[in-house]
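Per-entry structural report
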Amino acid sequence: MSTFKAPKGTYDLTPPESAKYLAVREAIAAPLKNSGYGYIETPGFEDVALFSRGVGESTDIVTKEMYTLTTKGGSQLALRPEGTASVLRAALEANLHKLGNLPVKLWYSGSYYRYERPQKGRYRHFSQVGAEAIGAEDPALDAELIILADQAYRALGLRNFRILLNSLGDKECRPVYRDALQGFLRELDLDEETRRRIEINPLRVLDDKRPEVQKQLVGAPVLRDYLCDACKAYHEEVRDLLSAAGVVYEDDEKLVRGLDYYTRTTFEFVHDGLGSQSAVGGGGRYDGLSEMIGGPALPSVGWALGVDRTVLALEAEGIELELPASTSVFAVPLGEEARRVLFGVVTQLRREGVAADFAYGNRGLKGAMKSANRSGARFTIVAGERDLAEGVVQLKDMESGEQTAVPLSDVAEAVRERLA
Ligand code: HAM
(Lines give C-alpha, C1' and ligand atoms only; values in the text may rest on other atoms or scores of the structure.)
Protein backbone atom coordinates (compact mmCIF):
# COMPACT_ATOMS: atom_id res chain seq x y z
CA MET A 1 0.00 0.00 0.00
CA SER A 2 1.19 3.53 -0.66
CA THR A 3 0.78 6.30 1.88
CA PHE A 4 -2.29 7.48 -0.05
CA LYS A 5 -5.82 6.15 -0.16
CA ALA A 6 -8.80 6.83 -2.42
CA PRO A 7 -10.53 9.96 -1.04
CA LYS A 8 -13.44 9.47 1.36
CA GLY A 9 -16.64 8.48 -0.41
CA THR A 10 -14.81 7.14 -3.47
CA TYR A 11 -13.55 3.74 -4.49
CA ASP A 12 -11.42 2.31 -7.26
CA LEU A 13 -12.59 -0.10 -9.89
CA THR A 14 -10.00 -2.82 -10.31
CA PRO A 15 -9.98 -6.09 -12.27
CA PRO A 16 -11.77 -8.42 -12.22
CA GLU A 17 -14.75 -6.47 -10.71
CA SER A 18 -14.20 -3.53 -13.06
CA ALA A 19 -15.33 -5.74 -15.96
CA LYS A 20 -18.81 -5.77 -14.40
CA TYR A 21 -18.98 -1.97 -14.52
CA LEU A 22 -17.99 -1.94 -18.17
CA ALA A 23 -20.61 -4.57 -18.93
CA VAL A 24 -23.29 -2.58 -17.09
CA ARG A 25 -22.40 0.60 -18.98
CA GLU A 26 -22.54 -1.30 -22.24
CA ALA A 27 -25.86 -2.95 -21.38
CA ILE A 28 -27.44 0.43 -20.60
CA ALA A 29 -26.00 2.05 -23.71
CA ALA A 30 -26.96 -0.76 -26.12
CA PRO A 31 -30.71 -0.03 -26.35
CA LEU A 32 -29.96 3.70 -26.68
CA LYS A 33 -27.54 3.19 -29.57
CA ASN A 34 -30.22 1.03 -31.12
CA SER A 35 -32.84 3.78 -30.87
CA GLY A 36 -31.26 6.78 -32.53
CA TYR A 37 -29.29 8.22 -29.61
CA GLY A 38 -25.88 9.67 -30.51
CA TYR A 39 -22.97 9.72 -28.08
CA ILE A 40 -22.04 13.00 -26.39
CA GLU A 41 -19.20 13.82 -24.02
CA THR A 42 -18.90 17.04 -22.05
CA PRO A 43 -16.25 18.35 -19.62
CA GLY A 44 -16.10 17.14 -16.04
CA PHE A 45 -16.53 20.71 -14.83
CA GLU A 46 -18.72 23.62 -15.86
CA ASP A 47 -19.52 27.17 -14.91
CA VAL A 48 -21.05 26.86 -11.45
CA ALA A 49 -24.02 29.02 -12.51
CA LEU A 50 -25.09 26.42 -15.07
CA PHE A 51 -25.98 24.11 -12.21
CA SER A 52 -27.28 26.69 -9.75
CA ARG A 53 -29.64 28.00 -12.43
CA GLY A 54 -30.39 24.67 -14.06
CA VAL A 55 -30.59 22.21 -11.18
CA GLY A 56 -31.98 24.84 -8.80
CA GLU A 57 -30.73 27.26 -6.14
CA SER A 58 -32.72 25.57 -3.41
CA THR A 59 -31.79 21.95 -4.13
CA ASP A 60 -29.50 19.95 -1.86
CA ILE A 61 -27.30 19.33 -4.87
CA VAL A 62 -26.59 23.04 -5.34
CA THR A 63 -26.66 24.24 -1.73
CA LYS A 64 -24.72 21.41 -0.11
CA GLU A 65 -23.27 18.93 -2.52
CA MET A 66 -21.36 20.73 -5.25
CA TYR A 67 -17.59 20.65 -5.45
CA THR A 68 -16.86 24.22 -6.44
CA LEU A 69 -13.56 25.89 -7.19
CA THR A 70 -12.19 29.21 -8.29
CA THR A 71 -9.54 28.93 -10.99
CA LYS A 72 -6.35 31.02 -11.02
CA GLY A 73 -8.08 33.06 -13.70
CA GLY A 74 -11.01 33.75 -11.37
CA SER A 75 -13.62 31.50 -13.02
CA GLN A 76 -16.14 29.87 -10.72
CA LEU A 77 -16.41 26.24 -11.71
CA ALA A 78 -18.10 23.16 -10.30
CA LEU A 79 -17.37 19.48 -10.82
CA ARG A 80 -20.51 18.27 -12.56
CA PRO A 81 -23.03 16.87 -10.07
CA GLU A 82 -25.28 15.60 -12.89
CA GLY A 83 -25.37 15.45 -16.67
CA THR A 84 -28.57 17.02 -17.96
CA ALA A 85 -27.64 20.70 -17.65
CA SER A 86 -24.25 20.05 -19.25
CA VAL A 87 -25.65 18.03 -22.14
CA LEU A 88 -28.28 20.66 -22.88
CA ARG A 89 -25.65 23.41 -22.66
CA ALA A 90 -23.44 21.52 -25.11
CA ALA A 91 -26.30 20.78 -27.52
CA LEU A 92 -27.23 24.48 -27.57
CA GLU A 93 -23.62 25.55 -27.98
CA ALA A 94 -23.20 23.21 -30.96
CA ASN A 95 -26.58 24.32 -32.36
CA LEU A 96 -27.66 20.71 -32.61
CA HIS A 97 -31.26 21.87 -32.20
CA LYS A 98 -30.99 23.97 -35.36
CA LEU A 99 -30.10 21.11 -37.65
CA GLY A 100 -33.80 20.56 -38.27
CA ASN A 101 -33.89 17.13 -36.79
CA LEU A 102 -35.77 17.30 -33.50
CA PRO A 103 -35.66 15.72 -31.07
CA VAL A 104 -31.89 15.69 -30.69
CA LYS A 105 -31.30 12.34 -29.00
CA LEU A 106 -28.07 11.99 -27.02
CA TRP A 107 -26.57 9.49 -24.62
CA TYR A 108 -23.59 9.81 -22.30
CA SER A 109 -21.57 7.92 -19.74
CA GLY A 110 -19.27 9.36 -17.14
CA SER A 111 -18.26 10.42 -13.64
CA TYR A 112 -20.31 12.76 -11.45
CA TYR A 113 -19.46 14.33 -8.13
CA ARG A 114 -21.59 15.15 -5.12
CA TYR A 115 -20.35 16.00 -1.65
CA GLU A 116 -22.80 13.69 0.11
CA ARG A 117 -22.53 11.75 3.35
CA PRO A 118 -21.04 8.49 2.08
CA GLN A 119 -22.78 5.19 2.75
CA LYS A 120 -23.41 2.01 0.81
CA GLY A 121 -24.73 3.06 -2.59
CA ARG A 122 -24.03 6.75 -1.99
CA TYR A 123 -20.64 8.02 -3.06
CA ARG A 124 -18.94 11.32 -3.69
CA HIS A 125 -17.74 10.12 -7.04
CA PHE A 126 -20.17 7.92 -8.96
CA SER A 127 -20.92 6.92 -12.47
CA GLN A 128 -24.02 7.36 -14.61
CA VAL A 129 -25.15 6.42 -18.07
CA GLY A 130 -27.75 8.89 -19.24
CA ALA A 131 -29.96 9.80 -22.18
CA GLU A 132 -31.56 13.09 -23.18
CA ALA A 133 -34.10 13.72 -25.96
CA ILE A 134 -34.09 17.43 -26.62
CA GLY A 135 -36.65 19.57 -28.41
CA ALA A 136 -39.86 17.56 -28.64
CA GLU A 137 -43.01 17.40 -26.58
CA ASP A 138 -44.37 13.98 -27.31
CA PRO A 139 -45.56 11.44 -24.76
CA ALA A 140 -44.12 8.68 -26.95
CA LEU A 141 -40.66 10.09 -26.25
CA ASP A 142 -41.18 9.93 -22.48
CA ALA A 143 -42.46 6.38 -22.92
CA GLU A 144 -39.54 5.45 -25.18
CA LEU A 145 -36.99 6.45 -22.56
CA ILE A 146 -38.71 4.54 -19.77
CA ILE A 147 -39.07 1.49 -22.01
CA LEU A 148 -35.36 1.61 -22.96
CA ALA A 149 -34.24 1.80 -19.32
CA ASP A 150 -36.54 -1.10 -18.49
CA GLN A 151 -35.09 -3.03 -21.42
CA ALA A 152 -31.52 -2.35 -20.25
CA TYR A 153 -32.23 -3.56 -16.73
CA ARG A 154 -34.02 -6.65 -18.00
CA ALA A 155 -31.15 -7.44 -20.37
CA LEU A 156 -28.87 -7.41 -17.33
CA GLY A 157 -31.19 -9.93 -15.70
CA LEU A 158 -32.59 -7.59 -13.05
CA ARG A 159 -36.13 -8.38 -11.90
CA ASN A 160 -36.66 -6.82 -8.47
CA PHE A 161 -36.92 -3.23 -9.59
CA ARG A 162 -39.99 -1.05 -9.76
CA ILE A 163 -40.78 1.98 -11.87
CA LEU A 164 -42.40 4.86 -10.01
CA LEU A 165 -44.21 7.36 -12.20
CA ASN A 166 -45.67 10.78 -11.56
CA SER A 167 -46.53 14.04 -13.29
CA LEU A 168 -45.36 17.32 -11.79
CA GLY A 169 -47.60 19.46 -13.99
CA ASP A 170 -46.42 22.42 -16.05
CA LYS A 171 -46.04 26.17 -15.72
CA GLU A 172 -49.83 26.58 -15.87
CA CYS A 173 -50.99 24.21 -13.19
CA ARG A 174 -48.01 23.73 -10.91
CA PRO A 175 -48.03 27.28 -9.50
CA VAL A 176 -51.68 26.86 -8.49
CA TYR A 177 -50.84 23.61 -6.74
CA ARG A 178 -47.77 25.17 -5.15
CA ASP A 179 -49.90 27.92 -3.61
CA ALA A 180 -52.39 25.40 -2.25
CA LEU A 181 -49.60 23.24 -0.82
CA GLN A 182 -47.84 26.21 0.76
CA GLY A 183 -51.12 27.25 2.40
CA PHE A 184 -51.46 23.76 3.89
CA LEU A 185 -47.82 23.45 4.98
CA ARG A 186 -47.65 26.84 6.70
CA GLU A 187 -50.24 25.63 9.21
CA LEU A 188 -48.10 22.66 10.32
CA ASP A 189 -45.74 22.36 13.27
CA LEU A 190 -42.35 22.25 11.53
CA ASP A 191 -38.75 23.22 12.30
CA GLU A 192 -37.12 26.38 10.96
CA GLU A 193 -35.32 24.78 8.04
CA THR A 194 -38.43 23.01 6.83
CA ARG A 195 -40.42 26.25 7.14
CA ARG A 196 -37.85 27.90 4.93
CA ARG A 197 -38.20 25.07 2.46
CA ILE A 198 -41.96 25.67 2.28
CA GLU A 199 -41.26 29.09 0.82
CA ILE A 200 -38.54 28.00 -1.60
CA ASN A 201 -39.51 24.51 -2.70
CA PRO A 202 -42.66 23.26 -0.96
CA LEU A 203 -42.87 20.07 -3.05
CA ARG A 204 -39.65 18.88 -1.45
CA VAL A 205 -41.32 18.94 1.96
CA LEU A 206 -43.51 16.06 0.76
CA ASP A 207 -40.29 14.09 0.36
CA ASP A 208 -39.33 14.52 4.03
CA LYS A 209 -38.55 11.06 5.40
CA ARG A 210 -39.14 11.89 9.11
CA PRO A 211 -42.22 10.11 10.54
CA GLU A 212 -43.23 13.18 12.59
CA VAL A 213 -43.37 15.19 9.36
CA GLN A 214 -45.02 12.44 7.30
CA LYS A 215 -47.76 12.17 9.99
CA GLN A 216 -48.67 15.80 9.50
CA LEU A 217 -48.70 15.50 5.73
CA VAL A 218 -51.78 13.28 5.72
CA GLY A 219 -54.47 15.22 3.90
CA ALA A 220 -52.02 17.50 2.07
CA PRO A 221 -53.29 18.65 -1.32
CA VAL A 222 -52.13 16.26 -4.05
CA LEU A 223 -50.83 17.46 -7.38
CA ARG A 224 -52.99 15.02 -9.32
CA ASP A 225 -56.08 17.01 -8.33
CA TYR A 226 -54.52 20.19 -9.73
CA LEU A 227 -53.15 18.97 -13.06
CA CYS A 228 -54.51 20.97 -16.00
CA ASP A 229 -56.28 19.12 -18.79
CA ALA A 230 -53.26 19.23 -21.09
CA CYS A 231 -50.99 17.72 -18.43
CA LYS A 232 -53.59 15.11 -17.55
CA ALA A 233 -54.00 14.06 -21.18
CA TYR A 234 -50.22 13.97 -21.68
CA HIS A 235 -49.73 11.81 -18.62
CA GLU A 236 -52.53 9.44 -19.60
CA GLU A 237 -50.88 8.96 -22.98
CA VAL A 238 -47.51 8.15 -21.39
CA ARG A 239 -49.19 5.63 -19.10
CA ASP A 240 -51.11 4.02 -21.98
CA LEU A 241 -47.99 3.69 -24.10
CA LEU A 242 -46.09 2.06 -21.24
CA SER A 243 -48.92 -0.37 -20.60
CA ALA A 244 -49.17 -1.20 -24.30
CA ALA A 245 -45.42 -1.97 -24.25
CA GLY A 246 -45.94 -4.30 -21.31
CA VAL A 247 -43.90 -2.12 -18.97
CA VAL A 248 -45.24 -2.30 -15.43
CA TYR A 249 -45.13 0.92 -13.39
CA GLU A 250 -46.60 2.27 -10.19
CA ASP A 251 -48.25 5.66 -9.92
CA ASP A 252 -46.49 7.53 -7.14
CA GLU A 253 -47.88 10.98 -6.54
CA LYS A 254 -45.24 11.62 -3.87
CA LEU A 255 -42.40 11.28 -6.35
CA VAL A 256 -40.81 14.73 -6.47
CA ARG A 257 -37.14 14.18 -7.40
CA GLY A 258 -34.23 16.22 -6.10
CA LEU A 259 -33.72 18.54 -9.08
CA ASP A 260 -35.86 21.59 -9.82
CA TYR A 261 -36.00 21.45 -13.59
CA TYR A 262 -38.67 18.79 -13.90
CA THR A 263 -42.07 19.38 -15.47
CA ARG A 264 -44.79 16.84 -16.25
CA THR A 265 -43.43 13.27 -16.44
CA THR A 266 -41.07 12.21 -13.65
CA PHE A 267 -40.01 8.69 -12.84
CA GLU A 268 -37.62 6.70 -10.76
CA PHE A 269 -36.34 3.15 -10.96
CA VAL A 270 -36.04 1.73 -7.46
CA HIS A 271 -34.55 -1.58 -6.46
CA ASP A 272 -35.87 -3.35 -3.41
CA GLY A 273 -32.58 -5.02 -2.46
CA LEU A 274 -30.61 -1.84 -1.84
CA GLY A 275 -31.79 -0.47 1.49
CA SER A 276 -32.07 3.29 1.82
CA GLN A 277 -30.25 4.21 -1.41
CA SER A 278 -32.80 2.36 -3.50
CA ALA A 279 -33.01 4.65 -6.55
CA VAL A 280 -30.99 2.99 -9.28
CA GLY A 281 -32.05 5.57 -11.84
CA GLY A 282 -34.34 8.48 -12.43
CA GLY A 283 -35.41 11.15 -14.82
CA GLY A 284 -38.23 13.07 -16.35
CA ARG A 285 -39.31 15.89 -18.59
CA TYR A 286 -37.67 19.31 -18.28
CA ASP A 287 -39.54 21.59 -20.63
CA GLY A 288 -38.24 24.84 -19.13
CA LEU A 289 -34.56 24.06 -18.58
CA SER A 290 -33.33 25.39 -21.91
CA GLU A 291 -34.85 28.81 -21.23
CA MET A 292 -33.52 28.71 -17.67
CA ILE A 293 -29.98 28.54 -19.06
CA GLY A 294 -30.54 31.19 -21.71
CA GLY A 295 -31.63 29.03 -24.64
CA PRO A 296 -34.82 28.89 -26.71
CA ALA A 297 -37.90 26.91 -25.67
CA LEU A 298 -36.92 23.26 -26.09
CA PRO A 299 -39.14 20.79 -24.29
CA SER A 300 -37.03 17.75 -23.42
CA VAL A 301 -36.95 14.54 -21.46
CA GLY A 302 -34.24 12.23 -20.18
CA TRP A 303 -32.89 9.95 -17.51
CA ALA A 304 -29.70 8.84 -15.86
CA LEU A 305 -29.07 5.41 -14.42
CA GLY A 306 -26.51 4.98 -11.66
CA VAL A 307 -23.87 2.44 -12.63
CA ASP A 308 -22.64 1.88 -9.06
CA ARG A 309 -26.13 1.15 -7.76
CA THR A 310 -26.97 -1.02 -10.76
CA VAL A 311 -23.95 -3.18 -9.91
CA LEU A 312 -25.15 -3.36 -6.28
CA ALA A 313 -28.60 -4.36 -7.55
CA LEU A 314 -27.05 -7.18 -9.59
CA GLU A 315 -25.23 -8.37 -6.47
CA ALA A 316 -28.44 -8.12 -4.42
CA GLU A 317 -30.18 -10.40 -6.90
CA GLY A 318 -27.19 -12.76 -7.07
CA ILE A 319 -26.78 -12.17 -10.80
CA GLU A 320 -23.42 -13.14 -12.27
CA LEU A 321 -22.99 -11.48 -15.63
CA GLU A 322 -21.59 -13.75 -18.30
CA LEU A 323 -18.35 -11.98 -18.98
CA PRO A 324 -16.37 -13.57 -21.79
CA ALA A 325 -12.70 -14.15 -20.88
CA SER A 326 -10.70 -11.21 -22.16
CA THR A 327 -7.85 -13.44 -23.35
CA SER A 328 -8.32 -16.39 -25.71
CA VAL A 329 -4.72 -17.50 -26.04
CA PHE A 330 -1.86 -17.32 -23.56
CA ALA A 331 1.67 -17.93 -24.82
CA VAL A 332 4.26 -19.70 -22.68
CA PRO A 333 7.75 -19.81 -24.18
CA LEU A 334 10.40 -22.23 -22.97
CA GLY A 335 13.80 -20.62 -23.57
CA GLU A 336 15.15 -17.51 -25.21
CA GLU A 337 14.59 -18.48 -28.83
CA ALA A 338 10.98 -19.50 -28.06
CA ARG A 339 10.46 -16.14 -26.36
CA ARG A 340 11.26 -14.29 -29.55
CA VAL A 341 9.19 -16.60 -31.74
CA LEU A 342 6.13 -16.74 -29.48
CA PHE A 343 6.19 -13.00 -28.94
CA GLY A 344 5.93 -12.76 -32.72
CA VAL A 345 3.07 -15.27 -32.74
CA VAL A 346 1.19 -13.28 -30.09
CA THR A 347 1.68 -10.06 -32.03
CA GLN A 348 0.35 -11.74 -35.16
CA LEU A 349 -2.64 -13.27 -33.32
CA ARG A 350 -3.57 -9.85 -32.01
CA ARG A 351 -3.30 -8.34 -35.47
CA GLU A 352 -5.67 -11.03 -36.67
CA GLY A 353 -8.17 -10.17 -33.97
CA VAL A 354 -7.48 -13.01 -31.54
CA ALA A 355 -7.16 -11.83 -27.92
CA ALA A 356 -3.75 -13.03 -26.82
CA ASP A 357 -1.33 -12.50 -23.95
CA PHE A 358 2.20 -13.52 -23.13
CA ALA A 359 4.16 -14.82 -20.14
CA TYR A 360 6.36 -11.82 -19.43
CA GLY A 361 9.19 -11.60 -16.96
CA ASN A 362 10.94 -15.00 -17.27
CA ARG A 363 9.05 -16.53 -14.34
CA GLY A 364 9.68 -20.17 -15.26
CA LEU A 365 7.19 -22.74 -16.53
CA LYS A 366 5.24 -23.04 -13.27
CA GLY A 367 4.78 -19.31 -12.84
CA ALA A 368 3.90 -18.91 -16.52
CA MET A 369 1.23 -21.64 -16.35
CA LYS A 370 -0.23 -19.96 -13.28
CA SER A 371 -0.54 -16.73 -15.26
CA ALA A 372 -2.12 -18.66 -18.12
CA ASN A 373 -4.72 -20.09 -15.75
CA ARG A 374 -5.41 -16.75 -14.17
CA SER A 375 -5.88 -15.09 -17.54
CA GLY A 376 -8.91 -17.29 -18.17
CA ALA A 377 -7.55 -18.06 -21.64
CA ARG A 378 -9.15 -21.04 -23.30
CA PHE A 379 -5.86 -22.03 -24.99
CA THR A 380 -2.19 -21.90 -24.18
CA ILE A 381 0.53 -22.18 -26.72
CA VAL A 382 3.74 -23.63 -25.38
CA ALA A 383 6.92 -23.99 -27.37
CA GLY A 384 10.46 -25.15 -26.59
CA GLU A 385 13.53 -25.72 -28.71
CA ARG A 386 12.35 -29.08 -30.08
CA ASP A 387 8.99 -27.59 -31.18
CA LEU A 388 10.69 -24.72 -32.91
CA ALA A 389 13.00 -27.10 -34.73
CA GLU A 390 9.86 -28.79 -36.10
CA GLY A 391 8.19 -25.44 -36.87
CA VAL A 392 5.26 -26.08 -34.48
CA VAL A 393 3.81 -24.93 -31.17
CA GLN A 394 1.85 -27.03 -28.71
CA LEU A 395 -1.72 -25.75 -28.59
CA LYS A 396 -3.38 -26.83 -25.38
CA ASP A 397 -7.11 -26.62 -24.78
CA MET A 398 -7.34 -25.59 -21.12
CA GLU A 399 -10.88 -26.98 -20.82
CA SER A 400 -10.37 -30.47 -22.21
CA GLY A 401 -6.63 -30.73 -21.50
CA GLU A 402 -6.15 -31.89 -25.10
CA GLN A 403 -2.86 -30.86 -26.67
CA THR A 404 -1.95 -30.79 -30.36
CA ALA A 405 1.06 -29.69 -32.35
CA VAL A 406 0.10 -26.87 -34.74
CA PRO A 407 2.35 -25.36 -37.45
CA LEU A 408 3.56 -21.90 -36.44
CA SER A 409 1.81 -20.21 -39.34
CA ASP A 410 -1.57 -21.85 -38.61
CA VAL A 411 -2.01 -20.86 -34.96
CA ALA A 412 -4.58 -18.12 -35.54
CA GLU A 413 -6.68 -20.31 -37.79
CA ALA A 414 -6.47 -23.31 -35.43
CA VAL A 415 -7.58 -21.14 -32.50
CA ARG A 416 -10.42 -19.59 -34.44
CA GLU A 417 -11.65 -22.99 -35.60
CA ARG A 418 -11.69 -24.31 -32.08
CA LEU A 419 -13.32 -21.21 -30.59
CA ALA A 420 -16.11 -21.42 -33.16
P1 HAM B 1 -30.47 11.76 -10.12
O2 HAM B 1 -31.72 11.08 -9.64
O3 HAM B 1 -29.91 12.80 -9.27
O4 HAM B 1 -30.84 12.32 -11.56
O5 HAM B 1 -29.36 10.68 -10.41
C6 HAM B 1 -29.61 9.55 -11.22
C7 HAM B 1 -29.02 8.30 -10.60
O8 HAM B 1 -27.64 8.49 -10.31
C9 HAM B 1 -29.62 7.93 -9.25
O10 HAM B 1 -30.82 7.22 -9.41
C11 HAM B 1 -28.52 7.07 -8.65
O12 HAM B 1 -28.59 5.75 -9.15
C13 HAM B 1 -27.27 7.72 -9.19
N14 HAM B 1 -26.68 8.57 -8.14
C15 HAM B 1 -27.00 9.84 -7.83
N16 HAM B 1 -26.25 10.29 -6.79
C17 HAM B 1 -25.46 9.25 -6.43
C18 HAM B 1 -24.44 9.07 -5.43
N19 HAM B 1 -24.09 10.05 -4.58
N20 HAM B 1 -23.82 7.87 -5.36
C21 HAM B 1 -24.15 6.87 -6.20
N22 HAM B 1 -25.08 6.99 -7.16
C23 HAM B 1 -25.73 8.15 -7.28
C24 HAM B 1 -29.98 13.02 -12.35
O25 HAM B 1 -28.79 13.09 -12.16
C26 HAM B 1 -30.63 13.63 -13.56
N27 HAM B 1 -29.62 14.35 -14.33
C28 HAM B 1 -31.32 12.55 -14.39
C29 HAM B 1 -31.98 13.10 -15.61
C30 HAM B 1 -31.51 13.06 -16.88
N31 HAM B 1 -33.12 13.75 -15.65
C32 HAM B 1 -33.38 14.10 -16.89
N33 HAM B 1 -32.41 13.70 -17.64
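Up top is the structure these notes are about.
The numbers attached to residues start from 1 for each chain and follow its sequence in the written order. pLDDT decides what is reported in this predicted model: residues at 70 or higher carry local features, side-chain atom pairs at 80 or more are listed and counted, and totals for whole chains, interfaces and linings draw on all residues regardless. Each side-chain value is worked out from all heavy atoms of the structure, with water and hydrogens disregarded.

**Description of the sheet that holds strand β2 (residues 45-47)**
Only when DSSP finds a minimum of two bridges between them are two strands counted as paired. Secondary structure is summarised from DSSP: a helix means a run of H or I of at least four residues, a strand means a run of E of at least two, and numbering begins at the N terminus for each. Spatially, 3 strands are ordered β2-β4-β3 in an open sheet, and the strand pairing comes out antiparallel. With partners counted over all chains shown, the strands left at the sheet margins are β2 and β3 (68-70), one partner each. Averaged over all neighbouring strand pairs, the angle between strand axes comes to 35 degrees, with direction disregarded. The sheet contact formed by β2 and strand β4 (residues 76-79) spans 3 bridges and is antiparallel. When the sheet's bridge partners are listed, E46 is paired in β4 with A78. Each axis is a line fitted through C-alpha atoms, taken for helices only over the stretch in contact, and angles between the N-to-C directions span 0 to 180 degrees.

**Side note on the environment of E237**
Along the chain, the position of E237 falls in helix α10 (residues 229-244). For the pair E237 and A143, spaced 94 residues apart in sequence, the C-alpha to C-alpha distance is 8.8 Å.

**Let's talk about the environment of Y112**
If you trace the backbone, Y112 turns up in strand β5 (residues 104-113). Residue burial is assigned from relative accessible area. The probe radius is 1.4 Å, only protein chains are included, and a residue is buried under 20% of its type maximum, exposed over 50%, and partly exposed in between. With a relative accessible area of 2%, Y112 lands in the buried category. When the C-alpha positions of Y112 and R124 are compared, they lie 8.0 Å apart, and in sequence the two are 12 residues distant.

**Quick word on the sheet that holds strand β12 (residues 329-333)**
For sheets, the rule is that strands pair by backbone hydrogen bonds, running either parallel or antiparallel. The strand order across the open sheet built from 5 strands is β13-β12-β14-β15-β16, with neighbouring strands paired in mixed fashion. Every interior strand has two partners, whereas the edge strands, β13 (356-358) and β16 (403-407), have only one. The average undirected angle you get between the axes of adjacent strands in this sheet is 30 degrees. Pairing of strand β15 (residues 392-397) with β16 involves 5 bridges; the strand directions are antiparallel. Across the sheet, V393 pairs through a bridge with V406, a residue of β16. In what follows, a contact means two residues having at least one pair of non-hydrogen atoms within 4.5 Å. Against the sheet, helix α13 (residues 336-351) makes contact with β12, β13, β14 (379-383) and β15, and its axis sits at roughly 160 degrees relative to β13, the strand it touches most.

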